[in-house]
Number of protein chains: 2
Amino acid sequence: MARRNYPLAKVYGLLEPGPVLWLSTAGRERPNLMTLSWHMPVEFEPPLVACVLGNQGYSDGLLRKSRECVLAIPTAELADRVVAVGNCSGREVDKFRAFGLTPLPAAEVAAPLIAEAWANLECRVHDTRMVNRYGIYILEVVKAWVDTSVKDPKTLHHRGMGAFMVAGGTIRLKSAMK
Amino acid sequence: MARRNYPLAKVYGLLEPGPVLWLSTAGRERPNLMTLSWHMPVEFEPPLVACVLGNQGYSDGLLRKSRECVLAIPTAELADRVVAVGNCSGREVDKFRAFGLTPLPAAEVAAPLIAEAWANLECRVHDTRMVNRYGIYILEVVKAWVDTSVKDPKTLHHRGMGAFMVAGGTIRLKSAMK
């Protein structure tokens with residue numbers, strides 16, 4: 001993937017369409033990643049993102065400890081690996097190795113970028129007040145990388161139970177909405 | 001639209017793909033609606049949904065007062081009206097009338113269903129702790145209506161600045177993820 005530094009002011013537009021994400025975290029022995037679909041933008045700039053993690057998950061423990069992660073956006077050719085990553089725990093499996101994904105050093109955080117993903121967002125935990133009640137983390141995106149050569153990325157949008165809507169084309173309308 | 005009562009346990013799968021939504025509220029003179037893209041599921045059942053509203057908006061005031069709303073999911077043929085609704089305020093405009101949308105009585109809440117939408121979710125405000133800081137409301141969906149005759153709804157997914165990804169087809173993979 002041709003990773004280019006992407007303006008933080010435009011990051012909301014990567015997440016607002018609702019793509020399935022990978023969340024990577026650094027660990028003592030090895031990095032981990034999970035599949036995540038419950039997320040939304042909360043602020044334009046600096047970009048804040050809310051996401052929901054299960055309170056007992058392995059990634060949740062690593063995120064609580066490290067307070068850093070990478071949100072990566074995979075596209076349709078990675079669908080099998082999106083499901084595989086979501087169906088096992090980093091407690092038992094080295095997911096990067098098991099599923100042929102490549103961790104790359106990030107610029108601002110210890111968590112790795114995922115080389116195969118279309119976009120990678122380096123994040124720091126901004127607010128944990130809602131974690132115990134809802135599993136909601138508020139993250140701040142501090143650095144963004146996108147393969148800007150891809151115009152209409154075929155992102156995956158989970159409809160539940162292994163059904164994924166694959167992103168279609170883009171229409172452009174005159175609008176004052178940011 | 002052929003509205004059928006839809007199981008609350010499956011509502012998360014309507015929102016998880018990240019479609020643009022309309023949020024309708026009841027008002028003293030007339031109902032209002034707004035366009036909304038910042039939302040995510042928070043719990044499967046009872047279905048809880050987080051969404052972000054601007055703190056100064058007209059809908060925000062109506063939602064704070066009534067503590068009820070309807071989240072409706074429009075499809076691509078309504079794209080022009082999705083943008084039109086998002087580009088004006090209910091303070092100045094009777095949006096249902098101005099844009100030819102039809103409010104219908106809901107079963108559980110005072111806010112109206114939107115006849116032209118593919119899906120309508122009747123909601124009550126569940127948690128306002130994050131409203132002042134982030135504009136985040138946690139809503140509980142108490143009743144859901146879907147046109148189940150539509151298999152692959154052409155939902156709209158906002159990429160920012162009037163660019164909308166239109167939902168493509170659905171792929172189904174074997175997965176243990178709910």
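See the structure printed just above.
For clarity, every value in this text was computed on a predicted model and none was experimentally measured. The numbering scheme is per chain: residues are counted from 1 as the chain's sequence reads. Following the order in which they are written, the chains are lettered starting with A and the ligands numbered starting with 1. Since the coordinates come from a predicted model, pLDDT governs what is reported: local features require at least 70, and pairs of side-chain atoms require 80 or more to be given and counted, while whole-chain, interface and lining totals use all residues. Side-chain metrics rest on all non-hydrogen atoms present in the structure, leaving aside hydrogens and water.

Colleague: What am I meant to see in empty space enclosed by the protein here?
Modeller: Taking a probe equal in size to a water molecule and rolling it over the atoms shows the remaining empty space. For cavity detection a 1 Å grid was placed over the protein atoms alone, and a set of points counts as a cavity when a 1.4 Å probe fits there but cannot get out; an open set counts as a pocket when protein lies on both sides within 12 Å along at least five of seven lines, with lining residues being those that have an atom within 4 Å of a point. Grid points are joined across faces, edges and corners, and a volume is the space filled by probe spheres set on the points. Here the structure, examined in full by the defined rule, presents 1 cavity of 30 Å³ or more. If you add up the space inside the largest cavity, you get close to 70 Å³. Along the lines of polarity and charge, the residues of the lining of the largest cavity split into 6 nonpolar, 6 polar and 2 charged. Under the scheme applied, nonpolar residues are Ala, Val, Leu, Ile, Met, Phe, Trp, Tyr, Cys and Pro; charged residues are Asp, Glu, Lys and Arg; polar residues are all the others, including Gly.

Colleague: Which parts of the structure should I look at to understand the relation of the copies chain B and chain A?
Modeller: One copy of the chain maps onto the other through a rotation about an axis followed by a shift along the same axis. Copies overlap after least-squares fitting; the atoms used are the C-alpha atoms of residues with pLDDT of at least 70 in both. When chain B is brought onto chain A, the operation consists of a screw motion whose angular component is 180° and whose axial shift is 0.0 Å, with 0.0 Å RMSD remaining. Here the transformation between the copies is reduced to the relation of a two-fold axis. Contact between two residues is taken to exist if any of their heavy atoms lie within 4.5 Å; hydrogens are not considered. Interface overlap between copies is the fraction of interface residues in one copy that are interface residues in the other; for chain B against chain A it reaches 100%, indicating a shared surface.

Colleague: Sorry if this is basic, but what is going on with the interface of chain B and chain A here?
Modeller: Accessible area lost upon the coming together of the parts is a frequently used measure of interface size. Opposite the 59 residues of chain B that make contact, chain A presents 59 residues. Note on terms: buried area is the combined drop in 1.4 Å-probe accessible area of two parts once they are placed together, counting the loss on both. Carbon and sulfur atoms make up 62% of the area that chain B and chain A hide from each other, which totals about 4900 Å². Of all residues in chain B, the largest losses of buried area upon contact with chain A belong to B:W38, B:R159 and B:M177, amounting jointly to 17% of the total for that side. Think of a salt bridge as a Lys or Arg side-chain nitrogen and an Asp or Glu carboxyl oxygen that are within 4 Å of each other. Taken together, chain B and chain A are joined by 2 salt bridges. Polar contact is the term for a pair of N or O atoms within 3.5 Å; when the atoms are in protein, one must be able to donate a hydrogen and the other to accept it, and sequence-neighboring residues count only if both atoms are side-chain atoms. Viewed at the interface, chain A and chain B are joined by 32 residue pairs in polar contact (both at pLDDT 80 or more). A run of DSSP states H or I qualifies as a helix once it reaches four residues; a run of E qualifies as a strand once it reaches two. Both are numbered from the N-terminal end. The element that contributes the greatest number of residues to the side of chain B that touches chain A is strand β12 (residues 163–172) of chain B, accounting for 10 residues. Of the residues in the side of chain B that touches chain A, the class split is 30 nonpolar, 17 polar and 12 charged. Note: two strands are recorded as paired if DSSP finds a minimum of 2 bridges between them. With 7 bridges joining them, strand β12 (residues 163–172) of chain A and β12(B) adopt antiparallel strand pairing. Each residue of the ladder has a partner; that of A:A167, found in β12(B), is B:A167.

Colleague: Help me out: how do you make sense of the pattern of salt bridges in this one?
Modeller: Residue and element names in this part refer to chain B. Tallying each qualifying case throughout the model produces 13 salt bridges over all chains. One salt bridge connects R124 with E108, and the closest N-O pair in it is separated by 3.8 Å. Of the two residues, R124 sits in strand β9 (residues 119–127) while E108 sits in the loop between β7 (103–104) and β8 (113–114), which places them 16 residues apart along the sequence. Residue class for R124 comes out partly exposed when judged on its relative accessible area of 34%. Between D127 and R129 there is a salt bridge, with the nearest N and O atoms lying 2.4 Å from each other. For each residue, the accessible area found with a 1.4 Å probe, counting protein chains only, is set against the maximum for its type, and the residue is called buried under 20%, exposed over 50%, and partly exposed in between. Residue class for R129 comes out exposed when judged on its relative accessible area of 53%.

Colleague: Just checking my understanding: could you explain the packing of aromatic side chains for this structure?
Modeller: One pair of aromatic rings is described through two measures. These are the centre distance and the angle between the planes. Ring geometry is summarised as follows: Phe, Tyr and Trp rings, the Trp one being its six-membered ring, pair when their centres sit within 6.5 Å, and such pairs are stacked at plane angles under 30 degrees, edge-to-face over 60 and tilted between the two. Counted under the stated rule, the structure contains 5 aromatic pairs over all chains. Where A:W38 meets B:F44, the ring centres are 4.7 Å apart and the plane angle is 55°; that geometry is what we call tilted. Within this pair, whereas A:W38 is found in the loop between β3 (32–36) and β4 (39–43), its partner B:F44 is found in the loop between β4 (39–43) and β5 (48–52), the two belonging to separate chains. The class for A:W38 is buried, based on a relative accessible area of 9%. Of the residues examined, B:F44 reaches a relative accessible area of 22% and is grouped as partly exposed. Between B:Y12 and B:F44, the aromatic rings sit 4.7 Å apart at their centres with planes inclined by 85°, giving edge-to-face as the arrangement. Of this pair, B:Y12 sits in helix α1 (residues 12–15) while B:F44 sits in the loop between β4 and β5, placing them 32 residues apart in sequence. Counting every residue linked through ring pairs, the aromatic cluster contains A:Y12, A:F44 and B:W38. Only when the NZ of Lys or the CZ of Arg is both within 6 Å of the ring centre and within 35 degrees of the ring normal is a charge said to sit over the ring. Directly above the ring of A:F44 sits A:K178, whose terminal nitrogen or CZ lies 4.4 Å from the centroid.

So yeah, pure geometry; function would need other evidence.
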